[in-house]
Amino acid sequence: MTAETVDSTPGPAPQGSPPKPAPDAAAKHRWRGEGIVLNVFSHGFLWVWTLMVGVPLLWALWSSFKTSGDILAHPWSLPTHPHFDSWSRAWTKAHMGRYFINTVIVVGFSTAGTMLFGSMAAYVLARFEFFGNRFIYFLFVGGMAFPVVMVLVPLFFVTKNLGILNTLPGLILVYIAYSLPFTVFFMTSFFRTLPTSVAEAALVDGASHTRTFFQIMVPMAKPGIISIGIFNILGQWNQYLLPLVLNQGNTDKWVLTQGLADLAVQQGYQGDWSGLFAGLSIAMLPVLAVYVIFQRQVQAGLTAGAVK
Amino acid sequence: MRHGKYRFIIGFLAVPVALYAVLVISPFVQDFQISLTDWSGLTPEKHYIGFDNYQKIIHNNLFWKALWHNILMLLIVPIVTLALGLFFAFMLNVGGRRKGSASVAGVRGAGFYKIVYFFPQVLSVTVIAVLWQQIYNPDPDDGLLNSLLGHVGLTSLQQSWLGDPSIALACIMAVMVWANVGFYVVLFSAGMASIPAEIYEAVLLDGANRITTFFRITLPLLRDTVATGWVYMGIIAMDGFAFVQLMSVNNGGPNEVTDVVPLLLYKTAFRDNSQYGMAAAMGVAMLIVTLVFAVLTLRLSRRERIEF
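Residues numbered from 1 in each chain as written. Chains lettered and ligands numbered in written order. Predicted model: local features only at pLDDT ≥ 70, side-chain atom pairs only at ≥ 80, totals over all residues. Heavy atoms only, no water.

Draft legend 1. Here's a closer look at the confidence of the model for chain A. Residues and elements named next belong to chain A. Of all residues in chain A, 81% have pLDDT values of 70 or greater, and the mean over the chain is 82. Put simply, helix α1 (residues 2-8) is where chain A has its lowest mean pLDDT, 38, and helix α5 (residues 96-127) is where it has its highest, 94. Every residue in residues 1-22 is under pLDDT 50, and counting partners more than four places away or in other chains gives 13 contacts. (pLDDT = per-residue confidence, 0-100. Helix = DSSP H or I, 4+ residues; strand = E, 2+ residues; numbered from the N terminus. Contact = heavy atoms within 4.5 Å.)

Listed below in structure tokens is the structure:
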């Protein structure tokens, strides 16, 4: 609106020669013209990437409804008659159902454990002065800097000696331990930002430290706990290296990522392409659905560490 | 009261610290110790052999080859990912048609683009790698990419993507970029949205165009976020385990052109005669490379903060 008014304002230039608008108007005008070109241009580029992301995912989904022969003959065609048998094949024969349940169990317990122990440690480190506080804090935070792959050999034998190798509880404990550095780091700085007065009032009223933490501080820290909770759920749901090394035993105990990797290898021998795509969809759809529903929180949770 | 405080501190720290000490710190320390032994699946007794494993690594061509691939990933993947992330974020935030007097505006549907771009971020690397393995399928009729090229008449570009030693690594790096761009679009978008509109208003009046604006205003103000993004991407590039293990032909092939240090470590520890000592030494080498990268990044990115 303003730009148009500025444009139509007659400049001081005499009749006949092109009007010479004030410099700021000229700049605005130029930006405006540029803006329309840029708008088409930017939507164009943005759409190219949208298709690059969306098409492969949709392709996996619609291929799961086709027959294997159909996938091979016409990889781009839409399924003519949707076949659901590849889904039931993947769910039962390829045990994706079992892997799915195992993953839910592992991630459920490990995320709950990570948030409980991570918040407890972070609260103590953020709010109490005691000998060794800084040392413990940096011990945790230092864990963010080293690559997990480095400790594969000793970790394998530590879990073996503890008798938790190839067990779901073992995987849960390892997930918790390796999620603690970031959780403690983030939650410590989160607890520092909360006001101290409420907790002090509770203590004066005779609440114990433990009760103050669970009934006052945890509800106050809810936004931080949700962000980091989502971060941990996704990280642990998608973990591949740790189960590959620490859970290579009985296939009954495998998690989804292991099952899917195995399915990809098996499919090479059996030629069950639609089963593979159904397996891919089983691994992909729940996460995408949860993400679309909670996208605001998920985006905030995953970028939280970097924006700080 | 004081007594209660210490009991509380110990009570809250005991479990997380114990878990962390047993499953993270102790394997970390043991890794150094194991790296000095000849421990392997064939010699279950550990003998200290000094720095022999490190000597062998230094003279091992496969290790240098794998490390070189990690360094290539470290140089190329973050640059391409961050550049695309910045480009799309700028398009989202500045590419819109202006309404009223606003000098810059986001494109319509920015929320939609961000949701779609973020999809790969919530999927596991396993899902992404298996999906792309199918897209790169070398068969001219079966593979999504090859059949697409066939449909548009570019049959000459059809390749055995992951089977050709000259492009296999590039194909894997492309998937790493594909998987991570969305995260940085969302991250940088949040950063750009927090740059006050008056700054854009001012440079517009000074006659700057959008390209200048991007390089002179947006980029310098996002410096900290970009630096953090660089560290995150560096960590992903230093790993690359799951991408290479799942996608490449023969675990790091063809002809080891896609091998990376974490995969070599895994193969050394759990395949080739279980050379635990050697694998542990590779772990220490990885730690050193990671620390060098971290120090260099911190050095390069240290600069005065711009407050706005």
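Draft legend 2. Molecular detail of the side chain of Ser110 of chain A. Residues and elements named next belong to chain A. Locating Ser110 in the fold gives a position in helix α5. With a relative accessible area of 0%, Ser110 lands in the buried category. From its side chain, Ser110 meets the backbone oxygen of Val106 in a polar contact 2.8 Å long. Leaving out residues up to four positions away in the same chain, Ser110 has contacts with Ile172, Tyr175, Ile176 and Gln236. (Buried < 20%, exposed > 50% of the residue type's maximum accessible area, 1.4 Å probe, protein only. Polar contact = N/O pair within 3.5 Å; in protein donor to acceptor, adjacent residues only side chain to side chain.)

Draft legend 3. Examining the nonpolar core more closely. Membership of the largest hydrophobic core comes to 191 residues, with the highest contact counts inside it found for Leu57 and Phe191 of chain A together with Met73, Phe188 and Met247 of chain B. No other element matches helix α7 (residues 168-193) of chain B, which puts 17 residues into this core. If we skip the residues at most four places from it in the chain, Met73 of chain B touches Pro78, Leu169, Ile172, Met173, Met176, Ala237, Val244 and Val260 of chain B. (Core = buried A, V, L, I, M, F, W, Y, C linked by side-chain atoms within 4.5 Å.)

Draft legend 4. Geometry of the packing of aromatic side chains. Summed over all chains, the structure comprises 51 aromatic pairs over all chains. Aromatic side chains Phe191 of chain A and Phe213 of chain A sit 6.2 Å apart centroid to centroid with 50 degrees between the ring planes, which places their arrangement in the tilted category. In this pair, Phe191 of chain A sits in helix α8 (residues 168-193) while Phe213 of chain A sits in helix α10 (residues 209-220), placing the two residues 22 residues apart along the sequence. Residues Phe191 of chain A and Phe213 of chain A agree in their burial class; the two are buried. The interplanar angle of 20 degrees and the centroid separation of 6.4 Å between the aromatic rings of Phe183 of chain B and Tyr232 of chain B together place this pair among those described as stacked. (Phe/Tyr/Trp six-rings, centres within 6.5 Å; stacked < 30°, edge-to-face > 60°.)

Draft legend 5. Looking closely at the packing of α5 of chain A against helix α6 (residues 133-142) of chain A. Residues and elements named next belong to chain A. It is at 10 Å that the axes of α5 and α6 come closest, and there the two elements cross at 140 degrees. Between α5 and α6, the angle is such that the two are oblique. Crossing angle aside, the handedness with which α5 passes α6 is left-handed. In this structure, α5 contributes Ala121, Val124 and Leu125 to the contact, and α6 contributes Asn133, Arg134, Ile136, Tyr137 and Phe140. Grouping the amino acids of the contact of α5 with α6 by side-chain chemistry returns six nonpolar, one polar and one charged. (Axes fitted to C-alpha atoms, helices over the stretch in contact; angles between N-to-C directions. Parallel < 35°, antiparallel > 145°, perpendicular 65-115°, else oblique. Left-handed = near helix turned anticlockwise from the far one by under 90°. Nonpolar A, V, L, I, M, F, W, Y, C, P; charged D, E, K, R; others polar.)

Draft legend 6. Region of the structure containing the interface of chain A and chain B. The interface is formed by 99 residues belonging to chain A together with 99 residues belonging to chain B. Here chain A and chain B share an interface that buries about 9000 Å² over both sides, 78% of which is from carbon and sulfur atoms. Counting across the chain A and chain B interface gives zero salt bridges. Viewed at the interface, chain B and chain A are joined by 13 residue pairs in polar contact (both at pLDDT 80 or more). (Buried area = accessible area lost by both parts, 1.4 Å probe. Salt bridge = Lys/Arg side-chain N within 4 Å of Asp/Glu carboxyl O.)

Draft legend 7. Layout of the environment of Gly41 of chain B. Residues and elements named next belong to chain B. Within the secondary structure, Gly41 is located in the loop between α1 (2-34) and α2 (52-58). Given a relative accessible area of 47%, Gly41 falls into the partly exposed group. Separated by 230 residues in the primary sequence, Gly41 and Arg271 place their C-alpha atoms 9.6 Å from one another. Ignoring any residue separated from it by four or fewer positions in sequence, one finds Gly41 in contact with Asn273, Ser274 and Tyr276.

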